[in-house]
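Structure assessment
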Amino acid sequence: MKRRSTIIFTRIFLIIILFTLTTLGQKVYASDTKTYNLSGYDINILVNNDGSANFEERLTYNFDGKFNGITRDVL
């Protein structure tokens, strides 16, 4: 009886290992379930008398899915 339970345990263990290895190779991309677009962009520039400028930008995004925000690099 002990030998039979050891064989069953070994088979279950191997099935779990094989399942884990096959699912680890699959990647889930967030872009498959989430989308966004930039629907509005307004910019105001005030040029000062000394030649410097003040910028004000307003960006409007439409999101479909759960997002935490947008990251943008300004150079």
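Calculation criteria
Residues numbered from 1 in each chain as written. Predicted model: local features only at pLDDT ≥ 70, side-chain atom pairs only at ≥ 80, totals over all residues. Heavy atoms only, no water. Helix = DSSP H or I, 4+ residues; strand = E, 2+ residues; numbered from the N terminus. Buried < 20%, exposed > 50% of the residue type's maximum accessible area, 1.4 Å probe, protein only. Contact = heavy atoms within 4.5 Å. Areas by Shrake-Rupley, 256 points an atom, 1.4 Å probe, with all protein chains shown as cover. Phe/Tyr/Trp six-rings, centres within 6.5 Å; stacked < 30°, edge-to-face > 60°. Lys NZ or Arg CZ within 6 Å of the ring centre and 35° of its normal. Pairing = 2+ DSSP bridges.

1. Some thoughts on the overall build of the protein chain
In terms of helices and strands, the protein chain carries one helix and two strands. The linear arrangement of helices and strands in the protein chain, starting from the amino end, is α-β-β. Within the protein chain, buried positions represent 1% of all 75 residues. Partitioning the intrachain contacts of the protein chain with sequence separation of at least 6 by distance along the chain shows that 33% fall at a separation of at least 24. Accessible surface, the protein chain: about 7500 Å² in total, of which carbon and sulfur atoms supply 57%.

2. Some points on the packing of aromatic side chains
Under the criterion given, the structure shown has five aromatic pairs. Measuring from centroid to centroid gives 6.1 Å for Tyr36 and Phe63, while their planes differ by 35°, and the two rings are tilted. Here Tyr36 is found in strand 1 (residues 35-47), whereas its partner Phe63 is found in strand 2 (residues 53-64), with 27 residues between them in sequence. Aromatic ring contacts, followed pair by pair, group Tyr36, Tyr61, Phe63 and Phe67 into a single cluster. The ring of Phe67 carries the charged tip of Lys34 above its face, separated from the ring centre by 5.0 Å.

3. Notes on the pairing of strand 2
When strand 1 meets strand 2, the two strands line up antiparallel, connected through twelve bridges. Paired with Ile43 across the two strands is Glu57, which belongs to strand 2. In this structure, the hairpin formed by strand 1 and strand 2 is closed by a connection of five residues, where Gly51 is found at a positive phi of approximately 95°.

It is worth stressing that arrangement in space is one thing and function is another; only the former is reported here.
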